[in-house]
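Given next are the chains, with one letter for each unit.
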Amino acid sequence: MPKVKITILTLLCLGVLLLSLFLGPTSVSPFSADPVEKEILFSIRLPRVIVAFLIGIALGASGAVLQGILRNPLADPYVLGISSGSAFAAALVLVSGIYILGKLTIPLSAFAGACAASVLVGIFGWKRGNLLPERLLLAGIGLGFLFYSVMMLLVSLSTSEGMRRTVLWIFGDLSMADWSLIPYGIVFIASGLVISLFRAKALNALILGDELAHSLGFSVQRERLLLFIAVSLMTGASVSLGGTIGFIGLIIPHVVRFFTGANSRYVIPVSALCGGAFLCISDLIGRTLLAPMEIPAGIITALIGSPYFLYLLRRRDVFQA
Amino acid sequence: MSSRPDIPILELSGVGFSYDRNEPFLSNLSFSVQNGQFIGLLGANGSGKSTILKLATGILKPSTGRIHLWGKSLHEYRQKDKAKLISYLPQFLDMQIPFTVSELVSMGLYPYDILPEMTADEALELVGLREKSGTPLTQLSGGERRRAFIAMTLVQGAGLVLLDEPLVNLDIKFQIEIYRLLKDLQMKKNISILMALHDINFAMQFETVMLIKHGTILGSGKPEEVLTKDRIKDAFDVDVTVHKQDSGGMAIRYTNGPK
């Protein structure tokens, strides 16, 4: 991929970041000395944009990795049931209203839910010492449905306040974002991203098939497990930061492949960057369109993502881009 | 890899394997591949050709016996080091993978930290795909895709190349082209090739063939010595006549083919 393309893309993403920082229901000038504007910028806008960017990075990169290790162009973090497991755990806290660890209760339980769901999917996807892509995929779909239906049962049994907050969480809500969770999010998402980037060659080999990957010198099961852990770290952290946000993991890697080709060395970092920028734009639209009312960013990404997904289904050849 | 002529490149001794615990698929299989040999592994569907190649690469683990690569037990090699000595092209390849020709061929360099002897460009030149290096694999014909995968296998620079039915589903023109290419490379680079195939007439082109049935070697040596009427009947369950041609080669004709 030419350096010019990468530079242009990086600059575009930075531009989007700045736009979503200074635009919104209340536009903020970067040079303003007004204490109210400064307060909006540093206490509300900046952490929210950082959280959106981090979640987008995590989901974009996770989608790129999952589509490779499962050799399925329709894979994203939701397919593996990790997001549903994570959201289920968070919904459990929201509906019950029991916050044992205070403010950290929801993100930590969401992360624990993601880890538990990953382990469960891994157990069901494991056969005779191998982590099999087809089994992983089917186990993820099955468990995802199970988590989702139990979550809906909880919502239907809950009080109106618990239900409202849970529904917001399910659709991805960035309005609660603050600085407290950002360092923890950075650590988990950066760890997952670094593992994925260092194993990009292995991911390319896995895309060719297990036998060719073996012939090229990779320990297939070890590599698949490592990349699966990376995805679990990133997805778990993203759900705990802002709930379940759909379609970034599915569409961004496909769009990115149009520009970069299929080499994971480029697809992973560029999907991360574009995923971050896309969620920032979606959040900007969500908080500006019907201001002062906010539309959860997850709804905006799904509104843009669903038609694109259907378009992909009609034109399967684009998967080969 | 420097090779000592007295050590076989690949040696299987008393190898047994079973997919199902109650039913052995291979038992007590022994053979070796010497430096610079080009062997055709011939047998009917389900005869064990692919299983033998997968055992030789370490994808499958033998239940009994030993497999040595350059005199050292196969499982003692680090995966990456083994990939520099032995490359393998499976029979079933995903033809819809999204890479370009040059991206695919470059993957053959993955086991190396420094560039090996053959570059991706050189391999593309050898298989006649240099002009198409930037083309997505999905836009190539079946024969071109096979050649691209073979180029990747060659770039790996291994002294032993295992190919599982690389000619299957190809027109006779491409079959001959690929065979000649491999033969040429084997001579020039002094590599050893073990190639699975099931076309008896095509096997006549090889200097050495190994005929197998249910994982047992029925015969090994020159095709005209190994591929007798009786052995072919045993291995393929068809009646044939073997004809010597004016050119010196042999031709097999089926006498109880489909009516």
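What comes next is a walk through the structure. (Residues numbered from 1 in each chain as written. Chains lettered and ligands numbered in written order. Predicted model: local features only at pLDDT ≥ 70, side-chain atom pairs only at ≥ 80, totals over all residues.)

Observations concerning the overall build of chain A
The test is simple: What counts as a helix is a DSSP run of H or I of at least four residues, what counts as a strand is a run of E of at least two, and both are numbered from the N terminus. Computation of the radius of gyration draws on C-alpha atoms alone. For the globule rule, the value is 2.2 Å times the number of residues to the power 0.38. Burial is judged by counting the other C-beta atoms within 10 Å of a residue's own C-beta: 20 or more makes it buried, 12 or fewer makes it exposed, and any count in between marks it as partly exposed, with every C-beta position built from the backbone.
On a plain count of helices and strands, chain A comes out with 13 helices and 2 strands. Radius of gyration (C-alpha) of chain A: 19 Å, near the 20 Å computed for a compact globule of 321 residues. Oriented by its inertia axes, the alpha-carbon framework of chain A measures out at about 65 × 50 × 35 Å. For chain A, buried positions account for 51% of its 321 residues.

A word on the sheet that holds strand β1 (residues 10–17) of chain B
Residues and elements named next belong to chain B. Put simply, the rule is: Paired strands, as defined in this entry, are two strands with at least two bridges between them according to DSSP. Any pair of residues counts as being in contact when their C-beta atoms, constructed from backbone geometry, are within 7 Å of one another. Here an angle of 0 to 180 degrees is reported between the N-to-C directions of two axes, which are lines fitted to C-alpha atoms, with helices fitted over the stretch in contact.
Pairing within the open sheet is antiparallel, and its 4 strands lie in the order β2-β1-β4-β5. The two strands at the open ends of the sheet, each matched to only one other strand, are β2 (26–33) and β5 (72–73). Two elements, β1 and strand β4 (residues 64–69), share 5 bridges in a ladder whose sense is antiparallel. Note on β4: the bridge partner recorded for S13 is R66. The strands touched by helix α1 (residues 49–57) within the sheet are β1, β2 and β4, with β1 carrying the most contacts at an inclination of about 115°.

Digging into the sheet that holds strand β10 (residues 216–221) of chain B
All names here are of chain B. Spatially, the 6 strands line up as an open sheet ordered β6-β7-β8-β3-β9-β10, and their pairing is mixed. The outermost strands of the open sheet, each flanked by one partner alone, are β6 (86–89) and β10. Between one strand axis and the next, the sheet turns through 15° on average, direction left out of account. In terms of strand pairing, strand β3 (residues 38–43) meets strand β9 (residues 208–213) through 5 bridges, oriented parallel. The residue of β9 that forms the bridge with I39 is T208. Sheet strands touched by α1: β3, β6, β7 (160–164), β8 (192–197) and β9. Its angle to β7, the strand with the most contacts, is close to 150°.

Considering helix α5 (residues 142–155) of chain B
All names here are of chain B. Here is the rule we go by: Expected helix span is given by 1.5 Å per residue-to-residue step, counting one fewer step than there are residues.
When the terminal C-alpha atoms of α5 are compared, their 20 Å separation across 14 residues agrees well with the 20 Å that a helix rising 1.5 Å per residue should span. The element α5 is extensively covered by neighbouring structure, given that 11 of its 14 residues are classed as buried. Along α5, the residues classified as buried are R145, R146, R147, A148, F149, I150, A151, M152, T153, L154 and V155. Where the residues of α5 are buried, they touch β6, α3 (101–106), α4 (120–126), β7 and α6 (172–189). Within two residues after α5, G157 carries a phi angle of roughly 70°, on the positive side.

Quick look at the environment of T166 of chain A
Residues and elements named next belong to chain A. Tracing the backbone through its elements, the reader meets T166 in helix α6 (residues 160–170). Looking at T166, the number of C-beta atoms within 10 Å reads 23, which means it is buried. For the pair T166 and M152, spaced 14 residues apart in sequence, the C-alpha to C-alpha distance is 9.5 Å.

Focus on the nonpolar core
We apply this condition: As used here, a nonpolar core is made of buried Ala, Val, Leu, Ile, Met, Phe, Trp, Tyr and Cys residues. They are joined through C-beta atoms within 7 Å.
Ranked by internal contacts, the top residues of the largest apolar core, which has 172 residues, are V65 and A205 of chain A together with V105 and A151 of chain B. Sort the elements by how many residues they give to this core and helix α2 (residues 35–69) of chain A lands first, with 15 residues. Aside from chain neighbours lying at most four places away, what touches A151 of chain B is V105, A123, L124, L126, V127 and L129 of chain B.

Describing the packing of helix α4 (residues 105–125) of chain A against helix α5 (residues 133–157) of chain A
All names here are of chain A. To keep it simple, the criterion reads: Angles below 35 degrees are treated as roughly parallel, those above 145 as roughly antiparallel, those between 65 and 115 as roughly perpendicular, and all remaining angles as oblique. Should the near helix be turned anticlockwise from the far one by less than a right angle, the crossing is left-handed, and should it be turned clockwise, the crossing is right-handed. The nonpolar class holds Ala, Val, Leu, Ile, Met, Phe, Trp, Tyr, Cys and Pro. Asp, Glu, Lys and Arg form the charged class, and all remaining residues, Gly among them, are polar.
Contact geometry of α4 with α5 gives a least axis separation of 8 Å together with a crossing angle of 135°. Accordingly, the angle class assigned to the pair α4 and α5 is oblique. Relative to α5, α4 is oriented so that their crossing is right-handed. Across from A117, L120, V121, F124 and G125 in α4, the residues of α5 making contact are R135, L136, A139, G140, L143 and F147. Partitioned by chemical class, the residues of the contact of α4 with α5 number 8 nonpolar, 2 polar and 1 charged.

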